[in-house]
Amino acid sequence: MNLAFILRKIRSRGYTLEQSLAELADNSITYNAKNIWTYMYWSDDQGKDSFIMVIDDGDGMNKDVLLNRALNIPKDEHVDKGENDHSVYGLGLKAGSFNHCTSITVITKKDELIKKTLNLKDGVTDNMPSCIEHKFVKKHLEDLNSKKSGTIILWSDLDNLAKLRASERGPNFYEDCDKAKKHFKLIYHKYLLENKINLFFNGTEDVNKTKKFDPFYKDNPNTIILPGSKISFLKGGTTKITPYIIPIDTTNENLGKTRNELQGLYFLRKNRVIDYGGWFGLGEKNADKFWGINERFNRLRIEIEIPIETSKDWITDSKNQVNIPGYAYSKIRKCLIQIRKDYLEKINLMNGENKEPINETSKKKNELIRMLKNSVLNEDELIKIENSIKGSNE
C-alpha cells in the first residue's frame, strides 16, 4: 500500500503540539543526544514558509535506519536498545509530526550527511521544502555538516497549525512554544535533574534553557515520603509505587496547571513521564464514584513506574496516554486506597500539631456559635444560650 496514503490515514492521533515535539526529543535521547534545540518560526499571518526545527547533537542515523525506520512504517517489532530507548511502537516521528504538518525533512549525519523528505503527497523524496533556503536553516545545515554527527528535523507546510486561528496564529505560535517548554520541564525532569540533557527553545542562551524541576520535591526537607509498594503482575513485569506529600508552600510551579490538577498519579517509563495528574478512573472498591480532583489531596503525588516488559499494555499507540490494564487495576487500586488513607492521617496529624490549644472559654464560644447556626434549637440549647447571656452581663 502507498506510504503517503497510510500516513494520511493516521494523521489525527490526538497529539498536542508539545506532545509531538516530545516524540522528536525522545528520538534524540534514544540516539544519545546531550543537547536538543527547538526552534519555531512563523513567517506571516497565513503561516506560509513557516517551520519548526528540532536539532540534536546525537549519533545521527545511517541511510538504512533513516529510510526503513524513521521515515517508514517499521516492518518488524521494535527491539529495545536500553535505558535511553524511548521508542515503543516506532511510529512517533511520523504520527506526531503529521498531526501538525504535511512535510517532514530529516537531515542527519553519521557516516555521511543525508537529506530526505517525507510528505503526504509523494512519500519519501529528495525534494526539499522552500524553507530549507531560509538563512537561519542554512546556517544550521552548515553547522551540522562541520560536526561529527547529529540530526535536524524540519516540519514545513504547517497546515493544521495555520488553519486553527489564522490571523492570530503568529503570537499564539510562540505561546505554544512556551507550553512545550513547560511540558518538557515536567516530563523530562529526571534527565534534567541528573544533567543528562539540555533542552533549549528558540535560542542557545541560558534564558532559552529549560530549568531543572522536581515535581516530587525529593530534596526538600519538608517533603514526606509515605510507605509505597512494589507490585508484580502475572502478565509480567513489576511496578514500583512511591507516594510523596509535597511541601505546602509550592504554589507557583510555572507548569500551566494548578496544584489541584497536578495531584495524583505520575506514570514513568525509563525516567520519562508518559502521563500525569488525576486518578485515572480509579476509585473505592464496590463504589460507582471515582476519585476526582479534590483540594484535600492536592499535596499528594504518586510516582508509578511502568513495567518495561509490558509497556504496550499500559501505553496507547500515540504514547501520550496511559490506560491501566485490567490485570493491574485491582492491585493498584488496593495500594492507592492505603496510600490515600495514610496521606489523610498524616495531614490531619500535621494540622493538629499546628493548632493552638483550646481553653474553656474558646470551647464555650465554639459551642454557642454551633448552636446559633442551627435554625431549630431544642430546650436545653436555649437554656445554655440564656445562661451564657446572663453570665456575660454579670
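Everything here concerns the structure above.
Described in the following lines is the structure provided in the data block. (Residues numbered from 1 in each chain as written. Predicted model: local features only at pLDDT ≥ 70, side-chain atom pairs only at ≥ 80, totals over all residues. Heavy atoms only, no water.)

1. A look at the pairing of strand S7 (residues 198-201)
Next, step 1: The alternating pattern of S7 places Asn198 and Phe200 and Leu199 and Phe201 on opposite faces, both of which are buried.
Next, step 2: Sheet topology places strand S1 (residues 35-41) next to S7; 4 bridges connect them, and they run parallel. The partner of Asn35 across the bridge, within S7, is Asn198. (Buried < 20%, exposed > 50% of the residue type's maximum accessible area, 1.4 Å probe, protein only. Helix = DSSP H or I, 4+ residues; strand = E, 2+ residues; numbered from the N terminus. Pairing = 2+ DSSP bridges.)

2. Re the pattern of salt bridges
Next, step 1: Across all of its chains, the model carries 9 salt bridges by this definition.
Next, step 2: Asp26 is paired through a salt bridge with Arg272; the nearest N and O atoms lie 2.9 Å apart. Here the residue Asp26 occupies a position in helix H2 (residues 17-30), and Arg272 occupies one in strand S12 (residues 272-276), the gap between them amounting to 246 residues. Each member of the pair, Asp26 together with Arg272, is buried. (Salt bridge = Lys/Arg side-chain N within 4 Å of Asp/Glu carboxyl O.)

3. Re the side chain of His100
Next, step 1: Among the secondary structure elements, His100 is positioned in the loop between helix H4 (92-98) and strand S3 (103-109).
Next, step 2: A distance of 3.4 Å separates a polar atom in the side chain of His100 from the backbone oxygen of Thr16.
Next, step 3: Filtering out sequence-adjacent residues up to four positions away, His100 remains in contact with Arg11, Tyr15, Thr16, Leu17, Ser20, Trp155, Asp157, Leu158, Asp159, Asn160 and Leu161. (Polar contact = N/O pair within 3.5 Å; in protein donor to acceptor, adjacent residues only side chain to side chain. Contact = heavy atoms within 4.5 Å.)

4. Focus: the pairing of S3
Next, step 1: Burial analysis of S3 places 7 of its 7 residues in the buried class, the great majority of the element.
Next, step 2: The side-chain alternation of S3 yields two buried faces, one formed by Ser103, Thr105, Ile107 and Lys109 and the other by Ile104, Val106 and Thr108.
Next, step 3: Across 7 bridges, S3 lies against strand S4 (residues 113-119) in antiparallel orientation. The partner of Val106 across the bridge, within S4, is Lys116.
Next, step 4: The turn linking S3 back onto S4 is made up of 3 residues.
Next, step 5: Of the pairings in the sheet, the one linking S3 to strand S6 (residues 150-156) comprises 7 bridges and is antiparallel in character. Pairing of Val106 across the sheet is with Ile153, part of S6.

5. Observations concerning the packing of aromatic side chains
Next, step 1: By the definition in use, this model includes 16 aromatic pairs.
Next, step 2: When the centroid spacing of 5.9 Å and the interplanar angle of 80° are considered together, the rings of Trp279 and Trp291 count as edge-to-face. Taken as a pair, Trp279 in the loop between S12 and strand S13 (300-305) and Trp291 in the loop between S12 and S13 lie far apart in primary sequence, 12 residues in all.
Next, step 3: You can call Trp279 buried: its relative accessible area is 3%.
Next, step 4: For the ring pair Phe297 and Tyr343, a centre distance of 5.3 Å and an interplane angle of 25° mean the geometry is stacked. You can see Phe297 sitting in the loop between S12 and S13 and its partner Tyr343 sitting in helix H10 (residues 326-353), a full 46 residues away along the chain. (Phe/Tyr/Trp six-rings, centres within 6.5 Å; stacked < 30°, edge-to-face > 60°.)

6. Describing the sheet that holds S3
Next, step 1: Sheet architecture is open: 7 strands sit in the order S5-S4-S3-S6-S2-S1-S7, paired in mixed fashion. Two strands in the sheet have a free side with no partner beyond their single neighbour: strand S5 (123-125) and S7. Each strand axis lies, on average, 15° off the axis of its neighbour in the sheet, ignoring direction.
Next, step 2: The pairing of S1 with strand S2 (residues 51-56) spans 6 bridges and is antiparallel. Note on S2: the bridge partner recorded for Met40 is Ile52. (Axes fitted to C-alpha atoms, helices over the stretch in contact; angles between N-to-C directions.)

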